[in-house]
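Survey of secondary and tertiary structure
This is what each chain is made of:
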Amino acid sequence: MEIKIPELSLVLLIGASGSGKSTFANKYFKRHEVVSSDICRGIVSNDENNQAATGDAFDLLNFIIAKRLKNRLLTVVDATNVQKESRNKLINLAREYHTLPVAIVLDLPQRVCEDRNDKRDDRNFGGHVIRQQKQQLKRSFKGLKREGFRKIYKFSSEEEIAEITQITREKLYNDKKDLHGPFDIIGDIHGCYDETIELLEKLNYQIASVSDNGKNYGIDVTHPENRQVIFLGDLVDRGPKSPEVLKLAMSMVRSGVALCVPGNHDLKLQKKLNGKNVQLKHGLAETMGQLEQESEEFKEDVREFLYSLISHYILDNGKLAVAHAGIKEEMQGRGSGTVRSFCLYGETTGEIDEFGLPVRYNWASEYRGKAKVVYGHTPVPKAEWLNKTIDIDTGCVFGGELTALRYPEEELVSVQAKKVYCKPAKPLQTESDSNLSHQHKYDDLLNINDVIGKRIVQTRLRNNLTIREENSIAALEVMSRFAINPKWLVYLPPTMSPCGTSELPNYLEHPQQAINYYKKRNIEKIVCEEKHMGSRAVLVVCKDEQTVLERFGIEKEGIGICYTRTGRNFFNDEKIEKEFLSRTQKALTSSNFWEKHKTNWVCLDAELMPWSAKAQALLKEQYAAVGTSAKNALTEVEQVLQQTSKRNIEGIDELLKKYSNKRKSIDKFIDSYRNYCWNVESIEDFKLAPFHILATEGQVHTDKNHEWHMENIKEICLADEKIFRVTPYKIIDTQNEESISSATQWWTELTEKGGEGMVVKPFDFISYGKEGLLQPAVKCRGSEYLRIIYGAEYDTPENMERLKNRGLSKKRSLALREFALGIEGLERFVRKEPLRRIHESVFGVLALESEEVDPRL
Amino acid sequence: MLLTITTTYKNTTDLGFLLHKHPGKLQTIDLAVGKVHIFYPESSEEKTTVALLLDIDSIDMVRGVRNLSGKGFSLGQYVNDRPYVASSFMSVALSKAFSTAMNGKCKNKPDLVDIKMPFEVKISVLPAPKGGELLIRKLFEPLGYSVNVERHQLDEKFESWGDSMYYTVSLSNEVKLKDLLSHLYVLIPALDNDKHYFVSQNEIDKLLEKGKGWLENHPEKEQIIKRYLINLNSLSRQALERLNEGIETEDIEDEISQEIKEKKETLHQQRLKLVLEKLKESGANKVIDLGCGEGKLIRMMLKEKQFHNITGMDISYSELTKCKERLHWDEMAPRQKERIDLFQGALTYKDKRLEGFDAAAIVEVIEHMDENRLKSFERVVFEFAKPKNVVLTTPNGEYNVMYENLDAGTMRHIDHRFEWTRKEFENWANQVAENNNYTVQFSPIGEVDEKVGAPSQMAIFEYGN
């Protein structure tokens, strides 16, 4: 004999002590699937038979069951379960998690149970206990079905049990994960047959009249690309041709060209056809009237068809869920009365509005599930995505449109209603005063739960990344106090690791190590770009304000933004910001950027100079302060030592030499920081050097190589050379020594002229080596520049020796994690995901930035 | 970095005896993070000069003591002025190099110790943040020094950057050597206002020991103590109390009560008192202080039985830590503790934890947010958290003209993003009330000026009609 149980169910083994429940459980179920009350007793009291521990043991048992059910795991309860009350608790637990309860009853003769218990030295309770349990069990038999068990199996002898061949786990009816579409999902039809036909034709379905085989009503619908229709329910009521719609849908479902989930109107019709006393309101009267023309046989057919409909479907490997009124994440792919009623009616608050209709709770605003949910039920003027859900009931019967969502294309296809068939009880959701889309409006406010605490962020490039709580704490403060409107903040740049420490005596960093990093990892082609010394800037620039509104959901904040690597506004002065962004926008426009890249916006990664423009405070409080204090003190020291030197005291000349060298170092230090400072008097004193075109509409440009980036950026730069600066670069072949030495020579020239150094990148934006993702870039800084990082006297032999002892692994790990998160944020933005998903990534970068890493690297 | 002491006292070479350092030699003493060199640039009958030259190893400095200046894990730790200036390192060098002289001992010529001699001191260079030349004079002149200072420009190539906080200072005075050394020992770090080591309890002892005989009568005593102990309030208060122990009690009381009186009447106290009053009037039992900072209002509320449930939220984790310290959180009785809940949060994110309160206090918070973030703030507080009452305060920008030290067009606090006029505030608050079904009333905080109003302003919101 074969036992069949739903693959997600709560199985109660029911039977007296000694009836063989544990043996049964261990034979047919996996180790972790069985939760035993005896074992729980043991865990909480060290004694599996300690009856005094029953309370605690069952608390634990219930807790484990709840966790398992929440995680969608079949669970078997190994306890006597002979009392109705104890079963009730478990059934309620199953319901809470929308899983189906199953009963397997082992009703073995008393003798068998007693014999078994006698053989065990840890069980010494008398026969009366078993007798009592047997009696309780007997009393239970009749009521099991009513208690709510979906399946009940009963075995009364060892022989019967021996006949069980296997326990088969059946998929739930709603599980259609193996169907991958493509689908055309159609919203509430309500008897609008003509519009349905028009829509199907528009979707390229071939509708043919064929002979009626008793199942197809003479209709045959096919699609040349084998697309499938999904009807979201509410086929009937209110409209003119409900029977025709039913015939069409039934025929399509039966031929396999369509799936159908039930709507509340369909269910009501089914009840009516079942002979239940149903009020003929909300359009049912019309349907019943239309059905009068139809045969009894047809009505019976309809009744059966409607009865057979499954509340919702999970499709395409769990990536898509469809239900008439929507479905919450925790209900998807589960079964219970609650799930069914949610799918039919959605969530209501219990209140009634001024039109006498139930007040609906917008469950979609809290939806966080992975599956996209397509639903109908509530007529809306326009189908719009919100948190991966979309309501496509555009109120055809009320004179709106009949809408289909093409999946996976996510295209909306609609046909206009031929007339107003029914006046809505209340006007279709009134247009709000805001110009924002639902998603953008919803995104106006982020939820703190999406950023605080320990977080794990899934990224495409590096799988799961952990953000520690202490880092979230730091990031929350910075984000909330200083960062720009999160809707602008689609990206934060990663930190960049320096190259390995040079082995050459006078260098801390040298191109050799930078090139070697990639060479050793079998990257043949690399790019060296001049590293500008300014401040990192990310720019988001839109073609016009309309784009800002539509794509970013921002109103009255200009045509773009320029922000720092910690998400702060780059410019403190609004006027300058506006002027700067408008210059950038003009350059993009005049270089035909929008047309060339088929976009209305762009996100650029850049360096904005001079350094002194943004780092004024740092320069004044640190660099110039060190410079002036050291220079003035050392001048005095030199004089005093020179004076002392005349006195011929041993050791003074040596000291003089030492301090003269200090003095020279500080002069170089001052020269070094001055290289990156100039006064900004007009907008043209700023110089912007972009180096990545990060993203445009529909694309994150990490699939392009750096030559593409540099050349495309050059076009923008040439459009306004007064504020843009073209970044010089070289492509280097790591297999060619000559090519390598040309890079070194170039770096030497750049840094001798006071340049910061260069950045070395693999030719492709994203490169992998044996150890996985490679550093997207390593920097190689010039010797004089390093003075402002490591201190004026860093290059004395004794200092150099100590400073060379530096570890890069932490910095490199950080750089990779931030890179992965940054790109993830952009990809999510480009996929038009809800803001919280983008913010999560960006917040992650900021949080990681608060990790302690040597800031000199 | 460099300190020279010159004397023209009749037997100038006696300085060598007094300092216990041979004028013909270069001596080098090890310090924790480097060395100090002692030598005599000049030693003649007419004039003798001794020089103290610091030789600080900046790399060692970072390795040894980390994260002292509160700058966190930043570059400032690695590239800074410490090796080049006179700071607490100089005090340590002084006490190491000249400990006998500082203690007023001289084996060979004990009579010299108590003789006042003409001294000239030159310090290259001395930082004097938040005080500058005026402060240098205020610290040295009362002790009889004539002071000469030269202020250094930040960078002559960038004149617009202005002057630095560094000075080359020359002092001259007729004074006992041991006093001179003690003065320098205390006043150099006080001017510098930074410490290279952790300031702890025994710092007070050092200060009192070195300040014996002159600090208690110094008119800038309080400031010296505060700056020497780098503004650690409780430590400086303790030091002040201990310093006053020798003086008649009347004076102390007068001084303390004066201080307290001043503090009590500060605007902030007034504001908090008024906020507390409004919260009490609202009849609230369950209250939340949004932006509680170090918890002044929370401590006030704790004393009121009416508030059964007091919650504090702040964006700054370090402020919350301070708040817990001030509340003596760890030792608090369980019953008291039950009444309080503290957590980090931000008013720009929707937050379930903020729901269900009778009243919320939002004291001097909104002006720290960019104006374009206020809509989020409004929704978080008034649309979602929805406390029955909200007491909200913000500065009245009109009143700024009354502050003499405030330049026109600038704000009271560097982090203020705006300071609204009464009209602006009222417009905003009325709109917020209208949007969210609240009623609102306004109240000034502090003395009301006929023209510009009170220094601060308050809106009291009540939910429903």
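Focus on the overall build of chain B
Counting its secondary structure elements, chain B contains 16 helices and 15 strands. Looking at the 465 residues of chain B, the share that counts as buried comes to 42%. A sequence separation of at least 24 residues applies to 70% of the contacts in chain B between residues at least 6 apart.

Considerations on the overall build of chain A
Per the secondary structure count, chain A includes 29 helices and 37 strands. Its C-alpha atoms give chain A a radius of gyration of 36 Å, clearly above 29 Å, the size a compact globule of 857 residues would have. With respect to the principal axes defined by its C-alpha atoms, chain A has extents near 120 × 80 × 55 Å. Taking the intrachain contacts of chain A between residues at least 6 apart in sequence as the baseline, contacts between residues at least 24 apart amount to 72%.

Some details on the nonpolar core
Within the largest apolar cluster, 248 residues are counted, with the highest numbers of intra-cluster contacts made by A:Cys603, A:Val760, B:Leu126, B:Val287 and B:Ala361. For this core, the leading source of residues is helix H22 (residues 616-645) of chain A, giving 11 residues. Setting aside residues no more than four positions away along its own chain, A:Cys603 makes contact with A:Val490, A:Tyr491, A:Val538, A:Val540, A:Leu694, A:Ala695 and A:Leu826. Formed by 66 residues, the second largest nonpolar core is a distinct cluster that contains A:Leu284, A:Val322, A:Ile392 and A:Leu405.

Describing the interface of chain B and chain A
Many analyses report the size of an interface as the accessible area lost when the parts associate. Listed as interface residues are 52 residues of chain B and, on the opposing side, 45 residues of chain A. The greatest single-element share of the side of chain B that touches chain A, amounting to four residues, is contributed by strand E3 (residues 34-43) of chain B. For strand E23 (residues 446-447) of chain A and strand E11 (residues 349-350) of chain B, the ladder comprises two bridges, and the chain directions are parallel. Each bridged residue has a counterpart across the sheet, and for A:Asn447 the counterpart in E11(B) is B:Lys350.

Here's the deal with the sheet that holds strand E30 (residues 601-609) of chain A
Residue and element names in this part refer to chain A. Ordered in space as E29-E28-E30-E31-E32, the five strands form an open sheet in which the pairing is antiparallel. Looking at the sheet topology across the chains shown, the edges are occupied by strand E29 (560-563) and strand E32 (699-700). Relative to strand E31 (residues 687-696), E30 is paired through eight bridges, and the arrangement is antiparallel. Looking at the pairing, Val602 lines up with Thr696 of E31.

Observations concerning the sheet that holds strand E6 (residues 151-155) of chain A
Residue and element names in this part refer to chain A. The strand order E3-E4-E2-E5-E6 describes an open sheet built from five strands, whose pairing is parallel. Every other strand in the sheet has two partners, leaving strand E3 (34-36) and E6 as the edge strands with one partner each. Neighbour-to-neighbour, the strand axes of the sheet open up by a mean angle of 20°, direction not taken into account. Bridge count for strand E5 (residues 100-106) against E6 is five bridges, and the pairing is parallel.

Some details on the packing of helix H17 (residues 511-519) of chain A against helix H25 (residues 737-752) of chain A
Residue and element names in this part refer to chain A. Between H17 and H25, the shortest axis-to-axis distance is 9 Å and the interhelical angle comes to 140°. With respect to H25, the element H17 is oriented oblique. Judged by the twist between their axes, the crossing of H17 over H25 is right-handed. Every residue of H25 that contacts H17 at Pro511, Gln512 and Ile515 is listed here: Ile740, Ala743, Thr744 and Trp747. Residues that form the contact of H17 with H25 fall into these classes: five nonpolar, two polar and no charged.

What about the pairing of strand E15 (residues 320-323) of chain A?
All names here are of chain A. Of the two faces of E15, the one holding Leu320 and Val322 and the one holding Ala321 and Ala323 are both buried throughout. Between strand E14 (residues 312-315) and E15, which follow one another and run antiparallel, lie four residues, and Asp316 among them has a positive phi close to 45°. Judged from the three bridges that link them, E15 and strand E18 (residues 372-375) form a sheet pairing that is parallel. Within E18, the residue paired with Val322 across the bridge is Val374.

Notes on the environment of A:Phe183
In this structure, A:Phe183 sits in strand E9 (residues 183-186). Put simply, A:Phe183 and A:Leu259 are 76 residues apart on the chain and 9.6 Å apart in space, counted from C-alpha to C-alpha.

Details of the environment of A:Val478
Residue and element names in this part refer to chain A. Relative to the elements of secondary structure, Val478 occurs in helix H16 (residues 469-482). Given 18 C-beta atoms within 10 Å, Val478 falls into the partly exposed group. Sequence separation between Val478 and Thr566 is 88 residues, and the spatial gap between their C-alpha atoms is 8.1 Å. If we skip the residues at most four places from it in the chain, Val478 touches Ala483, Thr566 and Leu846.

Things to note about the confidence of the model for chain B
Residues and elements named next belong to chain B. The predicted model of chain B averages 86 in pLDDT, with 88% of residues at 70 or higher. Segment residues 64-73 is flagged for pLDDT under 50; beyond a separation of four residues in sequence, or across chains, it makes 14 contacts in the model. Every residue in residues 245-261 scores below 50 in pLDDT, and together they form three contacts with partners more than four places removed in sequence or on other chains.

Observations concerning the packing of helix H11 (residues 264-273) of chain A against helix H13 (residues 296-308) of chain A
Residue and element names in this part refer to chain A. It is at 9 Å that the axes of H11 and H13 come closest, and there the two elements cross at 130°. Judged by the inter-axis angle, H11 sits oblique to H13. Here H11 runs over H13; the crossing is left-handed. In contact with Asp266, Leu267, Leu269, Gln270 and Leu273 of H11, H13 contributes Lys299, Val302, Arg303, Leu306 and Tyr307. Taken together, the residues of the contact of H11 with H13 sort by class into six nonpolar, one polar and three charged.

Concerning unusual backbone geometry
Only a minority of non-glycine residues have a phi that is not negative, and only a minority of peptide bonds are not trans. In this structure, A:Pro408 follows A:Tyr407 across a cis peptide bond, with omega equal to 10°. That bond from B:Ser124 to B:Val125 is cis: its omega, -15°, falls within 30 degrees of zero. Tracing the backbone shows B:Val125 in strand E5 (residues 116-127). At A:Asn204, a position not held by glycine, the phi torsion is positive, near 75°. One non-glycine residue, A:His377, adopts positive backbone phi at about 80°. By the C-beta count within 10 Å, which is 24 here, A:His377 ends up buried.

Quick look at the environment of A:Ile467
All names here are of chain A. In this structure, Ile467 sits in strand E25 (residues 463-467). Residue Ile467 is classed as buried on the basis of its C-beta count, with 25 C-beta atoms lying within 10 Å. Those residues within four positions of Ile467 in sequence are excluded, and the remaining contacts are Lys454, Arg455, Val457, Ser472, Gly844, Ala847 and Leu848.

Some details on H17(A)
Listed in full, the buried residues belonging to H17(A) are A:Pro511, A:Gln512, A:Ala514, A:Ile515, A:Tyr517 and A:Tyr518. Summarising the contacts, the buried residues of H17(A) are in contact with strand E27 (525-531), strand E33 (729-733), H25, strand E34 (757-762) and strand E37 (778-781) of chain A.

Cut-off values and rules
- Residues numbered from 1 in each chain as written.
- Chains lettered and ligands numbered in written order.
- Predicted model: local features only at pLDDT ≥ 70, side-chain atom pairs only at ≥ 80, totals over all residues.
- Helix = DSSP H or I, 4+ residues; strand = E, 2+ residues; numbered from the N terminus.
- Buried ≥ 20, exposed ≤ 12 C-beta atoms within 10 Å, placed from the backbone.
- Contact = placed C-beta atoms within 7 Å.
- Rg over C-alpha atoms; globule rule 2.2 N^0.38 Å.
- Core = buried A, V, L, I, M, F, W, Y, C linked by C-beta atoms within 7 Å.
- Pairing = 2+ DSSP bridges.
- Axes fitted to C-alpha atoms, helices over the stretch in contact; angles between N-to-C directions.
- Parallel < 35°, antiparallel > 145°, perpendicular 65-115°, else oblique.
- Left-handed = near helix turned anticlockwise from the far one by under 90°.
- Nonpolar A, V, L, I, M, F, W, Y, C, P; charged D, E, K, R; others polar.
- pLDDT = per-residue confidence, 0-100.

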